[in-house]
Amino acid sequence: MKSTVVACSNLALIKYWGNRDDTLNIPINDSISVSLEDLQTTTTVEFGPKHADSLVLNGDPAKGEAKQRFEQFISHFRKLTGFRKPVRVESVNNFPTAAGIASSSSGFGALSHALYDAAGFEYQIPEISKLARLGSGSAARSPIAGYAHWYAGKDHETSFATQLALADDMRILVVLTDQSEKFISSIDAMQLSKRSSPFFTQRGVQSNKNISQLKQAIEDHDFSLLGKISQQEANNLHAVINTTGLGLYYWNPTSLAIMKYVNVIREEYEIPCYYTIDAGPQIKILMKSDQANAVQELVEDKFSMVEIISTSIGFGSKLSDLHLF
Ligand code: PMV
């Protein structure tokens, strides 16, 4: 009745931004991501009559929005499975939580996998993916190693992720420009975008068009096409975010300076690298493994205040014997 799972955060190359159905997180477009090996969440789940439902996150009892999302998620799990025993959960991230490096993707991914396992169910990746999606859309992609394709689908049964390809020799630098918690959650921001950005619908249409091109780039190991599509996708996402309400602006002046510098490194230093950015101020830079040190040195020389996590492509969520309690 006790299970522990380790899941990697994932980085969207084709972005998820907005739902057709907000209760089930059925998205308006397909998305594609890579798993990030060095950004991990470990979660232990135990069912039993001696517990009351509880979540401890990075050593502290969950409060406020995190607690509410957890309770909502557990009630989704109970409705789906009919399994109603009280549950104790502890979870730790080895990276900053909720600052735009998708802690919700690894968090709900690890939790979903551990819940199915601790409850003693037979399960496969699609079940984990569908359950994880109910916690946070991007978590639908976290059971998958390497590259994941989340099919938007039409309903709960058809909206889940599958593997596109295993890791190749890409490396990702996660450049942390500000580690405070974000001011608005992605789910709230995307709902606002849907209501107010004139570019919301067009972005989703464009992302769906980009899917087949990116799949081809992954299959052909065509890094420059992969990088180009990913960078354009990030720009399209932020065109929507920046026209949400009177402008949401997840990036800060350092994020913007780094994005521009990535273009300089690619065009003037002639090192193929591309940026992407999500709902937070951190910049993720994509490059081939053998260029990672050169790019990291250039960025560190110019931006001494940032911290960089360098990661390769990671694994899918997996069971572990190292329980947290
Ligand atoms: O899963 P959420 O609700 O945290 O939304 C993730 C949104 C982006 O990270 C910006 C894009 C994506 O596809 O991961």
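Everything discussed here concerns the structure shown above.
Residues numbered from 1 in each chain as written. Predicted model: local features only at pLDDT ≥ 70, side-chain atom pairs only at ≥ 80, totals over all residues. Heavy atoms only, no water.

A. Spotlight on the site of the ligand. The full set close to the ligand counts 14 residues, and Tyr16, Ser136, Ser138, Arg141 and Ser186 are the nearest of them. At 2.7 Å from an oxygen atom of the ligand is found a side-chain nitrogen or oxygen belonging to Ser136. With respect to the ligand, the side chain of Ser138 contributes an N or O atom lying 2.6 Å from an oxygen atom. Relative to its free-state accessible area of 380 Å², the ligand is covered by the protein chains to the extent of 94%. Looking at the shell around the ligand residue by residue, the classes come out as six nonpolar, five polar and three charged. (Near = heavy atom within 4 Å. Polar contact = N/O pair within 3.5 Å; in protein donor to acceptor, adjacent residues only side chain to side chain. Areas by Shrake-Rupley, 256 points an atom, 1.4 Å probe, with all protein chains shown as cover. Nonpolar A, V, L, I, M, F, W, Y, C, P; charged D, E, K, R; others polar.)

B. Geometry of the packing of helix H1 (residues 64–81) against helix H2 (residues 103–118). Running from N to C, H1 and H2 cross one another at 40°; their axes reach a closest spacing of 12 Å. The element H1 and its partner H2 pack so that their crossing is right-handed. Within the contact between the two elements, H1 uses Arg69, Phe70, Phe73, Ile74, Phe77 and Thr81 and H2 uses Phe108, Leu111, Ser112, Leu115 and Tyr116. Its residues assigned to classes, the contact of H1 with H2 comprises eight nonpolar, two polar and one charged. (Axes fitted to C-alpha atoms, helices over the stretch in contact; angles between N-to-C directions. Helix = DSSP H or I, 4+ residues; strand = E, 2+ residues; numbered from the N terminus. Left-handed = near helix turned anticlockwise from the far one by under 90°. Contact = heavy atoms within 4.5 Å.)

C. Expanded view of the pattern of salt bridges. Evaluation of the coordinates by the stated rule reveals ten salt bridges. When the shortest N-O distance is used, the salt bridge between Glu46 and Lys50 registers 3.9 Å. With a closest N to O distance of 3.8 Å, Arg203 and Glu233 form a salt bridge. Here the residue Arg203 occupies a position in helix H5 (residues 200–219), and Glu233 occupies one in helix H6 (residues 223–241), the gap between them amounting to 30 residues. With respect to burial, Arg203 and Glu233 carry one shared label: buried. When salt bridges that share partners are traced, they join Lys15, Asp278 and Lys284 into one network. (Salt bridge = Lys/Arg side-chain N within 4 Å of Asp/Glu carboxyl O. Buried < 20%, exposed > 50% of the residue type's maximum accessible area, 1.4 Å probe, protein only.)

D. Molecular detail of the pairing of strand S12 (residues 283–288). Counting buried positions along S12 gives five out of six residues, so the element sits mostly inside the fold. Note that strand S10 (residues 170–176) and S12 share six bridges and pair antiparallel. The residue of S12 that forms the bridge with Ile172 is Leu286. Turn length for the strand S11 (residues 273–277)-S12 hairpin, with the two strands adjacent in sequence and antiparallel, is five residues. (Pairing = 2+ DSSP bridges.)

E. Summary view of the environment of Asn93. Position of Asn93 relative to the elements: it lies in strand S7 (residues 87–93). Put simply, Asn93 and Ala7 are 86 residues apart on the chain and 9.7 Å apart in space, counted from C-alpha to C-alpha. Residues contacting Asn93, with those up to four places away along its chain left out, are Gln40, Thr41, Asn58 and Ser103. Polar side-chain contacts of Asn93 include one of 2.6 Å to the side chain of Thr41.

F. Representation of helix H8 (residues 292–302) within the structure. Taken together, the buried positions of H8 are occupied by Ala292, Val295, Gln296, Leu298 and Val299. Projection of H8 onto a plane perpendicular to its axis shows the buried side chains occupying an angular sector of 165°, all on one side. When the buried face of H8 is taken as reference, the exposed residues oriented beyond 90 degrees from it are Asn293, Glu297 and Asp301. Tucked into the core, H8 has its buried residues touching S10, helix H7 (253–267), S11, S12 and strand S13 (307–312). (Arc of directions from axis to C-beta.)

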